[in-house]
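Structure at a glance
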Amino acid sequence: MKWIRYTHAGRTGYGILEGDRIAAVRGDPFQGYERTGATTRLDDVRIEVPVVPPTFYCVGLNYVTHIGTEGLKIPTQPDVGYRANNALLPHGQDVIMPADATRVHYEGELVVVIGRKARNLNEAQARSCVLGYTIGNDVSERVWQHNDRTFWRAKNSDTFKPMGPWIETDADVNDMETVVRVNGEETTRFRTADMLFGIDRFISTMSRYLTLHPGDVIWMGTDGHSPDLRDDDQVDISITGVGTLSNRFVRAA
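Residues numbered from 1 in each chain as written. Predicted model: local features only at pLDDT ≥ 70, side-chain atom pairs only at ≥ 80, totals over all residues. Heavy atoms only, no water.

Our working definition: UniProt positions are given in the numbering used here, feature names are shortened, and annotations may be inferred rather than shown by experiment.
Going by what an unreviewed UniProt entry lists, the protein is known as 2-keto-4-pentenoate hydratase and is assigned to Bordetella genomosp. 9. According to UniProt, the comment filed for the protein under the heading Sequence similarities (unreviewed entry) is "Belongs to the FAH family." In the Cofactor (unreviewed entry) part of its UniProt record, the protein is described as follows: "Mg(2+)".

1. Observations concerning the domain arrangement of the protein
So the rule is basically this: The domain boundaries here were taken from an automatic or database domain assignment. Only heavy atoms matter for contacts: two residues are in contact if any of them lie within 4.5 Å across the pair. Simply put, the buried area is the total loss of 1.4 Å probe accessible area from both parts when two parts are fitted together. When a carboxyl oxygen of Asp or Glu lies within 4 Å of a side-chain nitrogen of Lys or Arg, that pair is called a salt bridge.
Each assigned domain of the protein is listed here: domain 1 (1-47) and domain 2 (49-251). Across the boundary between the two partners, domain 1 contributes eleven residues, which contact 20 residues of domain 2. A buried area of about 1200 Å², summed over both sides, lies between domain 1 and domain 2, and 57% of it is on carbon and sulfur atoms. Our count for the contact surface shared by domain 1 and domain 2 stands at one salt bridge.

2. Thoughts on the pairing of strand β11 (residues 108-114)
So the rule is basically this: Exposure classes here rest on a 1.4 Å probe applied to the protein chains alone. A residue is buried below 20% of its type maximum, exposed above 50%, and partly exposed in between. Each helix corresponds to a stretch of at least 4 residues labelled H or I by DSSP, and each strand to a stretch of at least 2 residues labelled E; elements are numbered beginning at the N terminus. When DSSP locates at least two bridges between a pair of strands, those strands are taken to pair.
Counting buried residues along β11, seven of its seven residues qualify, which places the element largely inside the surrounding structure. Of the strand pairs in this sheet, β11 and strand β12 (residues 130-137) are connected by seven bridges, and their pairing is antiparallel. Within β12, the residue paired with Leu110 across the bridge is Ile135. Two elements, β11 and strand β17 (residues 217-219), share three bridges in a ladder whose sense is antiparallel. Pairing of Val112 across the sheet is with Ile218, part of β17.

3. Topic: the pairing of strand β19 (residues 243-251)
It is a general feature of regular strands that their side chains alternate between the two faces of the sheet. One ladder, built from three bridges, connects strand β9 (residues 95-97) with β19; its direction is parallel. Residue pairing for β19: Val95 is matched across the bridge by Phe249. Here strand β18 (residues 233-239) pairs with β19 via seven bridges, running antiparallel. Across the sheet, Asp236 pairs through a bridge with Ser246, a residue of β19. In textbook terms, the turn of a hairpin is the stretch between consecutive antiparallel strands, and for β18 and β19 this stretch comprises three residues, one of which, Gly241, has a positive phi near 80°.

Written as structure tokens, this is what we have:
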């Protein structure tokens, strides 16, 4: 099932994407829903970020090749950080690169969407709290990332976190491949499941110390290396069984 959050006729809410039409619902995938019987063409709506998370988690250094290209040490345990909701951006909208940004990179990531409250799960139980998966682009300004004490602007500038286009509940992570294209040319390809620490390990570790809530998202890291992005570059991130997240990068005046 594909859960899509969209705006149509002045209303923002959830629907179920079936082919090129959206079946409207009352409610949402977290608290319960019922179909209304109405449908809308996908082409007639504005796609929104699939969820505005209560807490926005982002794991770090989770693919070995990416760690090597950034010149960093391989971690010995799961490491979790946070991102800011102000940076979220829907599929199809422009990433705005600040005028003084010099090295802007994409990071194509699988996003885990939490569907129910969870605490103290072991690895065998971890997927029981997962609603489904979407796609994220952890846009990063590398000079700022190196020089600033925190990632407050390098990772969290407005529009630096495209996410979408929807939540897929039936995808199998073991079958997934992540492919990134810039202006139609493939620049990155990796097996999505080749994580240093997998989804079950992260959820189990995190839920030992904090409560996961419906709508929380966990961005699972990236592999490979991005070119320096330029004004008017189009970045398309595709993950098998989930979809494609597309955003254009433009330079602020």
